[in-house]
Amino acid sequence: MAEYQLARPVRLSLDTAAARSGLHPELIRRFVALSLVDGTTDSSGRVWLAPSAVATLARIQRLRAGLSLNYAAIGLVLDLLDRIDVLEAQVRSHRRWT
């Protein structure tokens, strides 16, 4: 009996994320170890990433190439950018209700 995927996977394998981002899997593994990208490891040691990790990996590439930031600085910048996104969403929400 054939099985068909009815929905998008809720996680990407390390190899799939590498193919989509153009990065080497070991580099992505390092980003997970440095907490630059959220990933989980299953019982067999395989790394899995959320589909949104591809956008985060692209952001890391832009920061590294464009600003020559080290990985510690990239982590800080990613946190600040996430905070800015939250604050901007709050401002937009507040403007709709006033």
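- Per an unreviewed UniProt entry, the protein is named Chaperone modulator CbpM, and its organism is Amycolatopsis mongoliensis.

Examining helix α3 (residues 53–67)
Turning to step 1, where the next piece is worked out: The first and last C-alpha atoms of α3 sit 20 Å apart over 15 residues, in line with the 21 Å expected at 1.5 Å per residue.
Turning to step 2, where the next piece is worked out: Regarding α3, the residues found buried are Ala53, Val54, Leu57, Ile60 and Leu63.
Turning to step 3, where the next piece is worked out: After α3 finishes, the residue Ser68 shows a positive phi value of roughly 55 degrees.

Quick word on the packing of helix α1 (residues 14–21) against helix α2 (residues 25–33)
Turning to step 1, where the next piece is worked out: Here α1 crosses α2 at 110 degrees, and the two axes come no closer than 9 Å. It follows from the interaxial angle that α1 and α2 lie roughly perpendicular. Here Leu14, Asp15, Ala17, Ala18 and Ser21 of α1 lie close against α2, whose contacting residues are Pro25, Ile28 and Arg29.
Turning to step 2, where the next piece is worked out: Looking at the contact of α1 with α2 residue by residue, the classes come out as 5 nonpolar, 1 polar and 2 charged.

So, the environment of Leu67
Turning to step 1, where the next piece is worked out: Structurally, Leu67 is set in helix α3.
Turning to step 2, where the next piece is worked out: In this structure, the C-alpha to C-alpha distance between Leu67 and Ala19, residues 48 residues apart in sequence, is 24 Å.

What about unusual backbone geometry?
Turning to step 1, where the next piece is worked out: Positive phi is not limited to glycine here, since Ser35 has a value of about 65 degrees.
Turning to step 2, where the next piece is worked out: Looking at where Ser35 falls in the secondary structure, it is placed in the loop between α2 and β2 (39–41).
Turning to step 3, where the next piece is worked out: In this structure Ser35 comes out as exposed when scored by relative accessible area, which is 58%.
Turning to step 4, where the next piece is worked out: In this structure, Ser68 is a non-glycine residue whose phi angle is positive, near 55 degrees.

A closer look at the sheet that holds β2
Turning to step 1, where the next piece is worked out: Spatially, β1-β3-β2 is the arrangement adopted by the 3 strands of the open sheet, whose pairing is antiparallel. Single-partner strands in this sheet number two, and they are β1 (12–13) and β2.
Turning to step 2, where the next piece is worked out: Direction of pairing for β1 relative to strand β3 (residues 47–49): antiparallel, over a ladder of 2 bridges. Residue pairing for β3: Leu12 is matched across the bridge by Leu49.

Quick notes on α1
Helical periodicity: at 3.6 residues per turn, an α-helix aligns residues three or four positions apart in one direction.
Turning to step 1, where the next piece is worked out: Of the positions making up α1, those classed as buried are Leu14, Ala17, Ala18 and Ser21. Viewed along the axis of α1, the buried residues span an arc of 100 degrees, placing them on a single side of the element. Of the residues in α1, the exposed ones pointing more than 90 degrees away from the buried face are Asp15, Ala19 and Arg20.
Turning to step 2, where the next piece is worked out: Those residues of α1 that are buried are in contact with β1, α2, β3 and α3.
Turning to step 3, where the next piece is worked out: Of the residues trailing α1, Gly22 is marked for its positive phi of about 80 degrees.

What counts as what
- Residues numbered from 1 in each chain as written.
- Predicted model: local features only at pLDDT ≥ 70, side-chain atom pairs only at ≥ 80, totals over all residues.
- Heavy atoms only, no water.
- Helix = DSSP H or I, 4+ residues; strand = E, 2+ residues; numbered from the N terminus.
- Expected span 1.5 Å × (residues − 1).
- Buried < 20%, exposed > 50% of the residue type's maximum accessible area, 1.4 Å probe, protein only.
- Axes fitted to C-alpha atoms, helices over the stretch in contact; angles between N-to-C directions.
- Parallel < 35°, antiparallel > 145°, perpendicular 65-115°, else oblique.
- Contact = heavy atoms within 4.5 Å.
- Nonpolar A, V, L, I, M, F, W, Y, C, P; charged D, E, K, R; others polar.
- Pairing = 2+ DSSP bridges.
- Arc of directions from axis to C-beta.

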